[in-house]
Amino acid sequence: MSATGRDKARAPRHPYLAGNFAPVTQTWTPTPVAWSGEIPSELVGGMYVRNGGNPATNSDLSREAHWFDGDGMLSGVWFERSHADPQKAVPNFVNQYILTDVYLASVENSTLRTPILPSIATLVNPLSTLFVIVWRILRAVLIVLLSHCPGSQTAIKRISVANTSILFHDGRALATCESGPPIRVTLPNLETVGWFDGISAEGEAESDLPESNSHTPAETFGGTGPLNWMREWTTGHPKVDQKSGELVLFNCSFAPPYVHYSLVPTNDQSSGAATQQPIMNAPVPGCTGGKLMHDFGVSRHHTIILDLPLSLTPANLLRNNPVVMYEPKKASRFGIFPRRDPASVRWYETSGCCIFHTANTWDEYGGDGEVVAVNLLACRLTSASMVFSAGNIVPPPHPDHLDNAKRKPISFFASYDDDGLLKDPEKSTDETSPLLVHSDSQSSSSTPPRIPISYDEQEQCRLYFYRFDVGSGTSQNITHQFALSAMPFEFPTLSPLTEMTKARYIYGCSTSNESFGAALGKATKIDLIVRMDVSTLLTRAHESPPVNITGCVDDRTVDQILASNDPHDPIKIFKLPPNHYGQEPRFVPRKRKPSHSPECEKLLEEDGYLIFYVFNEDQLDAMGECRADAKSELWVLDARTMQDVICKVQLPTRVPYGLHGNWFDEQHIDRQRMVDAVRSLPELHNTNIWSRARSKIVGCLN
């Protein structure tokens, strides 16, 4: 073996660039695939699409990387109507990169060995020196500036990689990410149209754009001024009101007032809702600084902004702290305001925590029909370990951690009880996943990579219930705050029929293996799909109130819930076969005849299907890498029984562990706005002295 080959073999592999976290390189236009079982009629004509990071510049496998890095790639299954029998479906698999400015520039600059943007891991690592951070940021700025010079085919105008989620609003499928505005893609081909500014998207047909009744140009995301580019940074989880059609979102930045709020109405009158005036870039007063705000809550009449003690600001560097810093001794603050009046926000405070995903938000009405409280279900963490572990960084200890060298690590997804301090919470496992193998830094190159885990006993990840009193004009009282279950719970979803109203069931993910590493990075290693009966658990809480903040309604472990034979158990779990791991599920309701009976309304929330990708890690080789022929599947689970997989779609490739997806029915696909042009890849050739010079300069910036 050559010296170069030996060096490559010794190079440590980053766990988020290995196994089924590793990116795929081949893209597929809609391609018919095989399936087993029966495809439900509700899926015919519709499409499931999931977003996630898939770094295009990936030749340096030992570089710093984070699970939230990576160019956005959409992976979808389109249940095309059969030409032979329109009542039947032929599944088609399609995956495409989202052609953001950054991705197109990466393709054009083929000499790059590391991504253009600095890794989140670099920014959050306490060991990163100020020089390294400044250089990585300066390098990105230089490449952006070079993209605007002669000889460049792609000018980087926005730095978003659009790799977080995808939704549908007003005739547009929109991919999202915190570092920029939404970007439109087409269904079912997943071609990239262009950035959406709150009014229109680049590439849309002018004849299909909304008419303006004013001679004054309508305001767009970000508005005007020197910081407008920063105010385009949009939450990864905008909300769409299925009743009014409104798109609700916020933009978070480093500069006061830190949070701006927007509400975009729909021009689609099919819902029968009255068209409202838009709200663009309205400041939300009272936020305490630049924060890592990933999600928020929206009910029919109220919005909740999460101002939590997880800061995200370059100002931290001036205090010799990482850019992202968790301070659990500070309060968690919830800003609640009527949906169309952010200036009247009221702030509620409680103990410090992290919340990356909300499950549902709904209004509670009094006898006079007025809203007396706003309720929130959210996945509450008592540690920020996921931010670090998802970047292969050892999480800093929680300020309240117990220093006991004999105590084994507890995971992000583990359950925690006081009596757990007296016993080993881990289970013995025989998993072959490279991410679960523990090894020291001196291990040989054949040892699969691992992810750092936290040793904090204080870590939790539970589905929490909050009730905020809004009945009186000055109340700032959180009357209820406790966990519904002690089991780990993340990636929540619910029936679209009950979003923003009081839902009975919340679906999500968990794990039966408590030896998982801390954080969201391990949440992808999902082998349990969960249904929680929120109504039943809240009824139990009313009868026997848990202690606020630390209390829990159902304190059973995962094993105890799996062992239950109670047909009315409020928690139902589907366990995947050994060594199979799933991803976030999405709920698709069954078609039912109109009815106003309470029993029918209950069935609307459980009578449907959960759709999610599954990967069998038996396809990993001895090095913990996916074999060349490794493939994933799309499973369709009966949400009523939480036991029966009624359909499995065999995909032609694997789908890396990713983030958030969505279901688009046939009407969504048919109602898309017209498009004049879609984005395309740049031509890879240096035609003049300017392009050759720019290419050499960029190559020196590796």
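On a predicted model such as this, the values are computed, not experimentally measured, just so you know. (Residues numbered from 1 in each chain as written. Predicted model: local features only at pLDDT ≥ 70, side-chain atom pairs only at ≥ 80, totals over all residues. Heavy atoms only, no water.)

**Some thoughts on the overall build of the protein**
Scanning the protein from N- to C-terminus turns up twelve helices and 34 strands. The buried share of the protein, reckoned over its 702 residues, is 58%. Across the protein, contacts joining residues at least 24 apart in sequence account for 70% of those joining residues at least 6 apart. (Helix = DSSP H or I, 4+ residues; strand = E, 2+ residues; numbered from the N terminus. Buried < 20%, exposed > 50% of the residue type's maximum accessible area, 1.4 Å probe, protein only. Contact = heavy atoms within 4.5 Å.)

**Let's talk about the sheet that holds strand β13 (residues 279-283)**
Sheet strands pair via backbone hydrogen bonds, and the direction of the pair is either parallel or antiparallel. In space, the four strands of this open sheet follow the order β10-β11-β12-β13, with antiparallel pairing throughout. The outermost strands of the open sheet, each flanked by one partner alone, are β10 (239-240) and β13. Relative to strand β12 (residues 259-264), strand β11 (residues 247-252) runs antiparallel, the two sharing six bridges. When the bridges of β12 are listed, Val248 appears paired with Leu263. (Pairing = 2+ DSSP bridges.)

**A word on the sheet that holds strand β1 (residues 28-32)**
Across the sheet, which stays open at both edges, the five strands sit in the order β1-β5-β4-β3-β34 with antiparallel pairing between neighbours. The sheet is open, and its two borders are formed by β1 and β34 (661-664), each paired with just one other strand. Along the sheet, successive strands turn relative to each other by an average axial angle of 15 degrees, direction set aside. (Axes fitted to C-alpha atoms, helices over the stretch in contact; angles between N-to-C directions.)

**Overview of the side chain of Ser75**
In this structure, Ser75 sits in strand β4 (residues 72-81). Owing to a relative accessible area of 2%, Ser75 belongs among the buried residues under this scheme. Leave out the neighbours within four places in its chain, and Ser75 touches Tyr48, Val49, Arg50, Phe93, Val94, Asn95, Tyr613 and Val655.

**Notes on the side chain of Glu108**
Mapping Glu108 onto the fold places it in helix α2 (residues 101-108). Owing to a relative accessible area of 12%, Glu108 belongs among the buried residues under this scheme. In this structure the side chain of Glu108 is engaged in a polar contact, spanning 2.9 Å, whose partner is the backbone nitrogen of Gln153. In this structure Glu108 touches Gly151, Ser152, Gln153, Thr154, Pro682, Leu684 and Arg694, once residues within four positions along its chain are discounted. (Polar contact = N/O pair within 3.5 Å; in protein donor to acceptor, adjacent residues only side chain to side chain.)

**A word on the nonpolar core**
Counting 27 residues, the largest nonpolar core has Ile529, Phe574, Leu610 and Phe612 as the members making the most contacts within it. If you list the elements that add at least two residues to this core, you get β25 (505-510), β31 (608-616) and β32 (632-638). Once residues lying within four places of it in the same chain are set aside, the contact partners of Phe574 are Asp527, Leu528, Ile529, Phe612, Trp635, Leu637, Met642, Gln643 and Val645. With 24 residues, the next largest nonpolar core counts Cys379, Leu463, Met487 and Leu537 among its residues. (Core = buried A, V, L, I, M, F, W, Y, C linked by side-chain atoms within 4.5 Å.)

**Looking at the UniProt feature "binding site: Fe cation" (unreviewed entry) in the protein**
In this structure's numbering, the residues bearing the UniProt feature "binding site: Fe cation" (unreviewed entry) are His237, His294, His357 and His660. These residues run over 424 residues, yet every pair of their C-alpha atoms falls within 12.4 Å of each other. Mapped onto the elements, His237 comes out in the loop between β9 (192-195) and β10. The buried category is assigned to His237, whose relative accessible area is 11%. (UniProt positions renumbered as here; feature names shortened; annotations may be inferred.)

**Focus on the pattern of salt bridges**
Within the structure shown, the criterion is met by 27 salt bridges. When the shortest N-O distance is used, the salt bridge between Arg590 and Asp607 registers 2.5 Å. Placement of Arg590 in the loop between β30 (586-589) and α10 (598-606) and of Asp607 in the loop between α10 and β31 is noted, with a sequence separation of 17 residues between them. You'll find Arg590 and Asp607 in the same group, each marked buried. Asp629 is paired through a salt bridge with Arg627; the nearest N and O atoms lie 3.5 Å apart. (Salt bridge = Lys/Arg side-chain N within 4 Å of Asp/Glu carboxyl O.)

**A short note on the packing of aromatic side chains**
This model, assessed by the stated rule, comprises 23 aromatic pairs. Look at Phe79 and Trp663: their rings are 6.2 Å apart centre to centre, the planes differ by 50 degrees, and that puts the pair in the tilted class. Linking Phe79 in strand β4 with Trp663 in strand β34, this pair joins segments that are 584 residues apart in sequence. Here the aromatic rings of Phe334 and Phe468 are separated by 5.2 Å at their centres, their planes lie at 45 degrees, and the arrangement is tilted. Here Phe468 lies in strand β22 (residues 461-469) and Phe334 lies in strand β18 (residues 332-338), a separation of 134 residues in the sequence. Owing to a relative accessible area of 0%, Phe468 belongs among the buried residues under this scheme. Taken together, Tyr16, Phe21, Trp67, Phe68, Phe615 and Tyr657 form an aromatic cluster joined through their ring pairs. The aromatic ring of Trp347 is capped on one face by Arg333, whose charged end is 4.3 Å from the ring centroid. In this arrangement the basic side chain of Lys648 is found over the ring face of Trp635, its NZ or CZ atom lying 4.3 Å from the centre. (Phe/Tyr/Trp six-rings, centres within 6.5 Å; stacked < 30°, edge-to-face > 60°. Lys NZ or Arg CZ within 6 Å of the ring centre and 35° of its normal.)

**Re a nonpolar patch on the surface**
Among the surface-exposed residues, Ile137, Leu138, Val141, Leu142 and Leu145 lie close enough to one another that they form a single nonpolar patch of about 400 Å² accessible area. Given the relative accessible area of 52%, Leu145 is considered exposed. (Patch = residues over 30% accessible without salt bridge, like charges linked within 9 Å, V, L, I, M, F, W, Y side chains within 5 Å. Areas by Shrake-Rupley, 256 points an atom, 1.4 Å probe, with all protein chains shown as cover.)

**With respect to the environment of Tyr48**
Along the chain, Tyr48 falls in strand β3 (residues 47-53). Tyr48 sits 616 residues away from Phe664 along the chain, and the two C-alpha atoms are 6.2 Å apart.

**Some words on helix α4 (residues 130-146)**
With 17 residues, α4 ought to run about 24 Å at 1.5 Å a step, and its terminal C-alpha atoms sit 24 Å apart, in line with that. Taken together, the buried positions of α4 are occupied by Ile133, Arg139, Ala140, Ile143, Val144 and Leu146. Among the structural elements, α3 (120-124), α5 (315-318) and α12 (689-699) are those in contact with the buried residues of α4. (Expected span 1.5 Å × (residues − 1).)

**Regarding helix α8 (residues 534-543)**
Considered for burial, the residues of α8 that qualify are Val534, Leu537, Leu538 and Ala541. End-on view of α8: buried residues confined to an arc of 100 degrees, all on one side of the axis. Facing away from the buried side of α8 by over 90 degrees, the exposed positions are His542 and Glu543. The N-cap residue of α8 is Asp533: its side-chain oxygen and the backbone nitrogen of Ser535 are 3.3 Å apart. (Arc of directions from axis to C-beta.)

**Topic: unusual backbone geometry**
Cis peptide bonds are those with omega within 30 degrees of zero, and the linkage from Leu187 to Pro188 qualifies with 5 degrees. Summarising the element assignment, Pro188 is placed in the loop between β8 (183-185) and β9. Each neighbour pair has its own omega, and for Pro256 with Pro257 the value is 5 degrees, a cis peptide bond. Along the chain, the position of Pro257 falls in the loop between β11 and β12. The residue Asn320 is not glycine, and still its phi comes out positive at about 60 degrees. Looking at where Asn320 falls in the secondary structure, it is placed in the loop between α5 and β17 (324-326). Asn320 gets classed as exposed once you look at its relative accessible area, which sits at 73%.

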